[in-house]
Amino acid sequence: MPIDAAVVTAAVRSCADVIAEHRHELTKLDSAIGDADHGTNLHRGFQAALVRLPDPGDALPADVLKAVSMALVSKVGGASGPLYGTAFLRAAGAVDGAEHLDASQVADALAAALAGVQQRGKAELGDKTIVDALSPAVDAARASVDAGGGAREALRAAADAAAEGAEATIPLVARKGRASYLGERSAGHKDPGATSTTLLIQTLAEQEGCEA
Ligand SMILES: Nc1ncnc2c1ncn2[C@@H]1O[C@H](COP(=O)(O)OP(=O)(O)O)[C@@H](O)[C@H]1O
Ligand SMILES: [Mg+2]
């Protein structure tokens, strides 16, 4: 099955389900080093995205990603809304016009998402943010594709790298976002945004139809 608008739509629905399922856990992480709203924020954003999804019958993958972006930007008040919104918008731009996505385009979309997050949020690796999960994920996806892997393998490699990156945020002192106000006290807690990024990429890796 090619990764067409229908598969991307199904993936967005799966992401919304996973965020709903994990929202309390994400909010709990945010209660330790933030303001206890990350799960609530993302849940609101993904539920809004579901309502805005175009009819996959006459949409391209990029249209689906753009709809998600708009919903996240308009419905998520926290820092993560504009950051994830930019990620989805840039991912859409990377696959503009394509009817279905191959493994290389999936890796390109992830790379574009990371570039958008970094342009918008100015975080570097090690700042205890979304970047700490997304950046290793991008590298792993690209390496997998370069080694001849398909989209499923690339996404699995990305998901594993993201999980490792999120885990590695625990000892870090936050240098960006609300958690940075805590200084040294932000160490010893896993970053909520790196955790949600990992959940989203894990969901994509398990999505039916991502075989290209
Ligand atoms: N500049 C940034 N770049 C990348 N990610 C960031 C940045 N600032 C914050 N984040 C991510 O956003 C997450 C917090 O999101 P959320 O709680 O929804 O927003 P807020 O901090 O405004 O309450 C953090 O855990 C972190 O991963
Ligand atoms: Mg918060």
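For the structure itself, consult the block above.
Along each chain, numbering runs from 1 in the same order as the chain's sequence is written. Just so you know, chain letters begin at A and ligand numbers begin at 1, following the order they were written in. The predicted origin of the model limits local features to residues at a pLDDT of at least 70 and limits the giving and counting of side-chain atom pairs to 80 or more, whereas totals for whole chains, interfaces and linings rest on all residues.

**Q** Honestly, the overall build of the protein in this entry has me stumped. Any pointers?
**A** When helices and strands are tallied, the protein shows 8 helices and 0 strands. For the protein, the α and β elements follow one another from N to C terminus as α-α-α-α-α-α-α-α. This radius of gyration counts C-alpha atoms alone. The globule rule is 2.2 Å times how many residues there are, raised to the power 0.38. Taking 2.2 N^0.38 as the reference for a compact globule, 212 residues should give roughly 17 Å; the C-alpha atoms of the protein span a radius of gyration of 16 Å, in line with that estimate. For the protein, the C-alpha atoms occupy an extent of roughly 50 × 40 × 30 Å along the three principal directions. The buried share among the 212 residues of the protein stands at 57%. Two residues form a contact once the distance between their C-beta atoms, set from the backbone, is within 7 Å. By sequence separation, contacts in the protein at least 24 residues apart represent 67% of the contacts at least 6 residues apart. Helix numbers and strand numbers start at the N terminus; a helix is a DSSP run of H or I with at least 4 residues, a strand a run of E with at least 2. Residues are called buried when their C-beta atom has 20 or more other C-beta atoms within 10 Å, exposed when it has 12 or fewer, and partly exposed otherwise; all C-beta atoms are positioned from the backbone.

**Q** Looking at this model, I keep getting lost on unusual backbone geometry. Mind explaining?
**A** Apart from glycine, the bulk of residues carry a negative phi angle, and the bulk of peptide bonds sit in the trans form. Of note in this structure, K122 is not a glycine but carries a positive phi near 60°. Counting through the fold element by element, K122 comes out in the loop between α5 (103–121) and α6 (131–146). Take K122: there are 12 C-beta atoms within 10 Å of it, and that puts it in the exposed class. Residues other than glycine seldom take positive phi values, yet K128 does so here, at roughly 70°.

**Q** Is there a simple way to explain the nonpolar core in this structure?
**A** Burial of nonpolar side chains together is a common tendency in soluble globular proteins. What we call a nonpolar core is a set of buried Ala, Val, Leu, Ile, Met, Phe, Trp, Tyr and Cys residues whose membership is set by joining through C-beta atoms within 7 Å. Of all hydrophobic cores here, the largest spans 71 residues; its most connected members are L110, A137, A141, L155 and A158. Only α1 (5–33), α2 (38–52), α3 (61–75), α4 (80–94), α5, α6, α7 (151–167) and α8 (192–206) provide two or more residues apiece to this core. The residues contacting A158, other than those within four sequence positions of it, are L110, A137, A140, A141, I201 and A205.

**Q** Got a minute to help me understand α4 in this structure?
**A** Along an α-helix, a turn takes 3.6 residues, which lines up residues three or four apart on a common side. Taking 1.5 Å per residue, 15 residues should reach 21 Å; α4 reaches 21 Å between its end C-alpha atoms and fits that length. Among the 15 residues that make up α4, 12 are buried, leaving the element largely enclosed by the rest of the structure. Every buried residue of α4 is listed here: S80, L83, Y84, G85, T86, A87, F88, L89, R90, A91, A92 and A94. Given a helix with a known number of residues, its expected span is that number minus one, times 1.5 Å.

**Q** What should I look at first to understand the site of ligand 1 in this one?
**A** Any residue whose C-beta atom, as placed from the backbone, lies within 6 Å of a molecule or strand is termed near it. Of all residues adjacent to ligand 1, which total 24 residues, the nearest are G78, G121, T129, G177 and G193. Sorting the residues of the shell around ligand 1 by element identifies α2, α4, α5 and α8 as the ones contributing at least two each. With 3 residues, the single largest contributor to the shell around ligand 1 is α8. The nonpolar class holds Ala, Val, Leu, Ile, Met, Phe, Trp, Tyr, Cys and Pro. Asp, Glu, Lys and Arg form the charged class, and all remaining residues, Gly among them, are polar. Residues of the shell around ligand 1, tallied by class, amount to 8 nonpolar, 9 polar and 7 charged.

Coordinates in, geometry out; function isn't part of it.
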